[in-house]
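# Summary of the model geometry
Next come the chains, spelled out residue by residue.
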Amino acid sequence: MNKEQLSATVTLTASITLSIILLSMVGVMLIGLFNPQIDNTKIFEAITPAFQTIVGGFIGLITGIKIGSDE
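Within each chain, residues carry numbers counting from 1 in the order of the written sequence. Only residues with pLDDT of at least 70 get local features here, since the model is predicted, and only at 80 or more are side-chain atom pairs given and counted; chain-wide, interface and lining totals rely on the full set of residues. Side-chain metrics rest on all non-hydrogen atoms present in the structure, leaving aside hydrogens and water.

### Looking at the overall build of the chain
Note the cut-off: Each helix is a run of H or I in the DSSP string that is no shorter than four residues. Each strand is a run of E no shorter than two, and both are numbered from the N terminus. Exposure categories follow from relative accessible area, calculated using a 1.4 Å probe and restricted to protein chains: below 20% of the type maximum is buried, above 50% is exposed, and the middle band is partly exposed. Should any heavy atoms of two residues lie within 4.5 Å, those residues are counted as being in contact.
Within the chain one finds two helices and zero strands. Dimensions of the chain along its principal axes, counting C-alpha atoms only, are 55 × 15 × 10 Å. Going through the 71 residues of the chain one by one, you find that 15% of them count as buried. Taking as baseline every contact in the chain between residues at least 6 positions apart, the subset at least 24 positions apart corresponds to 66%.

So, in structure tokens, the structure goes:
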């Protein structure tokens, strides 16, 4: 496997993982949003920092791989 194939494989794997995580988080948020027993402000307080951290980390990873493969 050459450098370009490895870069494409890692980028694809990171993108799929990010998609699964985001869909899971949105699903949990929707379940909590429509459950009358749960305070919605608490859900958003708990999920927002995790959501931003995960998205930022994966975007940084994908960007770093793409920049590294262009050199």
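### Things to note about a nonpolar patch on the surface
The line we're drawing: Here the term patch refers to residues with relative accessible area over 30% and no salt bridge, with like charges joined within 9 Å and nonpolar side chains (Val, Leu, Ile, Met, Phe, Trp, Tyr) within 5 Å. Per-residue and other accessible areas follow the Shrake-Rupley method at a 1.4 Å probe size, with only the shown protein chains counted as cover for residues. In the sections that follow, a salt bridge refers to a side-chain nitrogen of Lys or Arg positioned within 4 Å of a carboxyl oxygen of Asp or Glu.
A grouping of V26, L30, L33, F34 and F44 is seen on the molecular surface, where their side chains present a nonpolar patch of about 460 Å² in accessible area. In terms of residues, the nonpolar patch owes the most to one element, helix α1 (residues 3–33), which gives three residues. Along the chain, the position of F44 falls in helix α2 (residues 40–70). Under the relative-accessibility criterion, F44 is labelled partly exposed at 36%.

### Topic: the environment of K66
Relative to the elements of secondary structure, K66 occurs in helix α2. Counting along the chain gives 58 residues from K66 to A8, while the straight-line C-alpha distance between them is 8.7 Å.

### Thoughts on the environment of N2
Test applied: Pairs of N or O atoms within 3.5 Å make up the polar contacts considered here, provided that, within protein, one atom can donate a hydrogen while the other can accept it, and that residues adjacent in sequence are counted only when both atoms are side-chain atoms.
Looking at the secondary structure, you find N2 in the segment before α1. You can call N2 partly exposed: its relative accessible area is 44%. A distance of 2.8 Å separates a polar side-chain atom of N2 from the backbone nitrogen of Q5.

### What to know about the side chain of T11
One can find T11 in helix α1. T11 sits in the buried class, given a relative accessible area of 9%.

### Digging into the environment of F51
Structurally, F51 is set in helix α2. Judged by its relative accessible area of 29%, F51 falls in the partly exposed class. Separated by 19 residues in sequence, F51 and G32 place their C-alpha atoms 15 Å apart. Once you skip the residues sitting within four places of it in the chain, F51 turns out to touch L22 and M25.

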